[in-house]
Amino acid sequence: MSHAQEIAKRRTFAIISHPDAGKTTMTEKLLLYGGAVQLAGSVTARKNQRATTSDWMELEKQRGISISSTALQFEYAGYHINLLDTPGHKDFSEDTYRVLTAVDAVVMIIDAAKGIESQTRKLFEVCHQRGVPIFTFMNKCDRPTRDPLELIDELESVLQLSACPVNWPIGTGGDFKGLYDRLAKQVHLFERTVGGAYRAPVAIGSLADPVIRERIDEVTFDRVTEELAMLDHAGETFDPAAVLSGYTTPVFFGSAANNFGVQLLLDGFLKHSTAPRGRKVADRVIEPEHPAFSGFIFKIQANMDPRHRDRIAFLRVISGKFERDMLATHSRSGEEVRLSSSHKLFGNERETVNEAFPGDIIGLVGHAEFGIGDTLTTDPTIVYREIPRFPPEAFAYLHNPSTAKYKQFRKGLDQLLQEGVVQRLRLRDATANVPLLAAVGPLQFEVVQYRLQSEYGAETRLEAAPWTVIRWLPTDFKDADFDQIKLPSGARIAFDADENPCVLFGAEWSVGYFCETNPNVPLEKLPPERDVAAVLE
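Residues numbered from 1 in each chain as written. Predicted model: local features only at pLDDT ≥ 70, side-chain atom pairs only at ≥ 80, totals over all residues. Heavy atoms only, no water.

### Quick notes on the overall build of the protein
Along the protein, the regular secondary structure elements total 15 helices and 30 strands. Per-residue burial over the protein gives 57% buried out of 537 residues. Across the protein, the fraction of contacts at a sequence separation of at least 24, relative to all contacts at a separation of at least 6, is 71%. Accessible surface, the protein as shown: approximately 22800 Å² in total, 49% of it carbon and sulfur. (Helix = DSSP H or I, 4+ residues; strand = E, 2+ residues; numbered from the N terminus. Buried < 20%, exposed > 50% of the residue type's maximum accessible area, 1.4 Å probe, protein only. Contact = heavy atoms within 4.5 Å. Areas by Shrake-Rupley, 256 points an atom, 1.4 Å probe, with all protein chains shown as cover.)

### Let's talk about the pairing of strand S30 (residues 501–505)
Where burial is concerned, most of S30 is hidden: five out of the five residues are buried. Of the two faces of S30, the one holding Pro 501, Val 503 and Phe 505 and the one holding Cys 502 and Leu 504 are both buried throughout. As paired elements, strand S28 (residues 469–472) and S30 share four bridges and run antiparallel to each other. Its bridge partner lying in S30, Val 469 is registered against Phe 505. Pairing of strand S29 (residues 492–495) with S30 involves four bridges; the strand directions are antiparallel. Across the sheet, residue Arg 492 finds its bridge partner in S30, namely Leu 504. Here S29 folds back onto S30, and the loop between the two strands holds five residues, one of which, Glu 499, carries a positive phi near 65 degrees. (Pairing = 2+ DSSP bridges.)

### What about unusual backbone geometry?
A positive phi angle, close to 55 degrees, is found at Ala 282, a residue other than glycine. With respect to the helices and strands, Ala 282 occurs in the loop between strand S12 (279–281) and strand S13 (284–286). Phi is positive for Glu 499, close to 65 degrees, though the residue is something other than glycine.

### With respect to the sheet that holds strand S10 (residues 202–205)
The antiparallel open sheet is built from four strands, whose spatial order is S7-S8-S9-S10. If you trace the sheet from one side to the other, it starts and ends with strand S7 (167–170) and S10, each paired once. Each strand of the sheet is rotated relative to its neighbour by a mean of 20 degrees, with strand direction disregarded. Pairing geometry for S7 and strand S8 (residues 178–181), over four bridges, is antiparallel. (Axes fitted to C-alpha atoms, helices over the stretch in contact; angles between N-to-C directions.)

### What about the packing of aromatic side chains?
Summed over the entire model, instances satisfying the criterion amount to 12 aromatic pairs. Ring geometry for Phe 296 against Tyr 384: centres 6.1 Å apart, planes inclined by 55 degrees, an arrangement best described as tilted. Of this pair, Phe 296 sits in strand S14 (residues 294–302) while Tyr 384 sits in the loop between strand S23 (375–377) and strand S24 (394–399); the two residues are 88 residues apart in sequence, bridging distant segments of the chain. Tyr 384 matches Phe 296 in its accessibility class, with the two residues each being buried. Residues Phe 482 and Phe 495 carry aromatic rings whose centres are separated by 5.7 Å and whose planes lie at 85 degrees to one another, so their mutual orientation is edge-to-face. A residue pair is termed long-range when its members are at least 10 positions apart, and Phe 482 in helix H13 (residues 479–484) and Phe 495 in strand S29 qualify at 13 residues. For Phe 482, a relative accessible area of 4% corresponds to the buried category. When its relative accessible area of 10% is taken as the criterion, Phe 495 is described as buried. (Phe/Tyr/Trp six-rings, centres within 6.5 Å; stacked < 30°, edge-to-face > 60°.)

### Focus: the sheet that holds S24
Pairing is antiparallel across the open sheet formed by seven strands, whose spatial order is S27-S24-S26-S25-S29-S30-S28. Each edge of the open sheet is held by one strand with a lone partner, namely strand S27 (461–464) and S28. The sheet shows a mean angle of 40 degrees between the axes of neighbouring strands, direction not considered. In this sheet, S27 lies alongside S24 in antiparallel orientation, the contact comprising four bridges. Considered in S27, the bridge of Tyr 397 is made with Glu 463. Along the sheet, helix H12 (residues 443–456) contacts S24, strand S25 (422–427), strand S26 (436–439) and S27; its crossing angle with S24, the most-contacted strand, is approximately 20 degrees.

### Quick notes on the pattern of salt bridges
On inspection of all chains with the given rule, the structure shows 25 salt bridges. The partner of Arg 428 in a salt bridge is Asp 479, and the shortest N-O contact between them spans 4.0 Å. Residue Arg 428 is found in the loop between S25 and S26, and its partner Asp 479 is found in helix H13; the two are separated by 51 residues along the sequence. For Arg 428, a relative accessible area of 16% corresponds to the buried category. Overall, Asp 479 belongs to the exposed group, its relative accessible area being 52%. Through salt bridges with shared partners, a single network forms among Arg 428, Asp 429, Asp 479 and Asp 483. (Salt bridge = Lys/Arg side-chain N within 4 Å of Asp/Glu carboxyl O.)

Below is the structure:
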């Protein structure tokens, strides 16, 4: 297969939603219909372990939420699919935003009873700003839902997004019978399976087919016929170009839990989504067909496999061809590194991969020097700046109560800090050497504590810190400059992991007071970008 053909068969996407809308369930069902698992809710060759494939961490299984992003790769209908499962909880939004830089499209799951919720809207805005094509799935149609026309109107009015229903529900709640495919002009009537563990049996035919007609009651038939006529007359027409530009979202209906409409979504997504696209570097665009290998690291995860106790860097291939054992330039250090331990991923399962193409997600093991946002390339002039940065809003001290476990505590914390979900700050003139952690949300601290205990055997005690806002100072400040600053009550000067000076405030109003009393001291919401170009020179 040629390089161009390999690129054309790749599809790389993520699923986004508000918590409890059914994101992880949909991930599992896409794997079921893609043939990657035989039984939904189980991991093959794991003694039918009843755990969601993508939620590999024990804490995720206990809490019933996705905490970390996971890469899942499988083949289906001639496509090579890279599916990224992301956290839905707002405290893990930074991890989700990073993952969204690595995808070419997203599937947005919406609870049909609740409509658009806060986290869905935030994630949509991140995707929309990047021009990422969005496919919408109205989930849980086998439960009482809002009116489907009302849901379509909400998409257009709240998200300012043209919505084109690709299929339409036949009945809702307990009377949900199936879907009408508006593009193929066919009805799909579903049958439930026990626990939704297997593919749902389906009957397919036209709306006028006697076999189909006798299974739909008169009231439901009349209502669906009227709604379809209304959509044909006044609704959006399907425009593939508008979908790829991010201005129109194809809308699918169904129930992930009962497998209703999952295959229609998967087939429709693959047909109308895009192969990997180019990424901008300075004043040019690096297309997937560019001969030089290049990619960027969007996530680092330690101890995905407790049997190995290693760290894995997730790399999105942008151009060229990756080959195991190849040499590539590491953008941040400017040094050449050999990429020998490379894997394709399926949750916490891994398999050695010898080659990869644009759109693929590969895991690189054993490189302590890699950081989030780093570029790996055979052309040192290519440096991607894809990873967004967000100011932390939660702060806490992490104590090590057992001096006998200090070595484990230090090693574990250092590895978790490299993953980038929390960061460590150093207070100026601090008297105690207790780590001060900062994160986007407080639940991140709970994860750090849990992982230190379970993966490194180090117990910890968390102490809340009194700050809620951080702002960065000019990088050229000296000690004398710090002494001249008039700090509001409770505010402290600190330094981040790159030794950039910053100020911690107890509340937002305190920032305004600081600006009034220090008019010549500028504050920034984000730390300065690392000067990668200077490193390469």
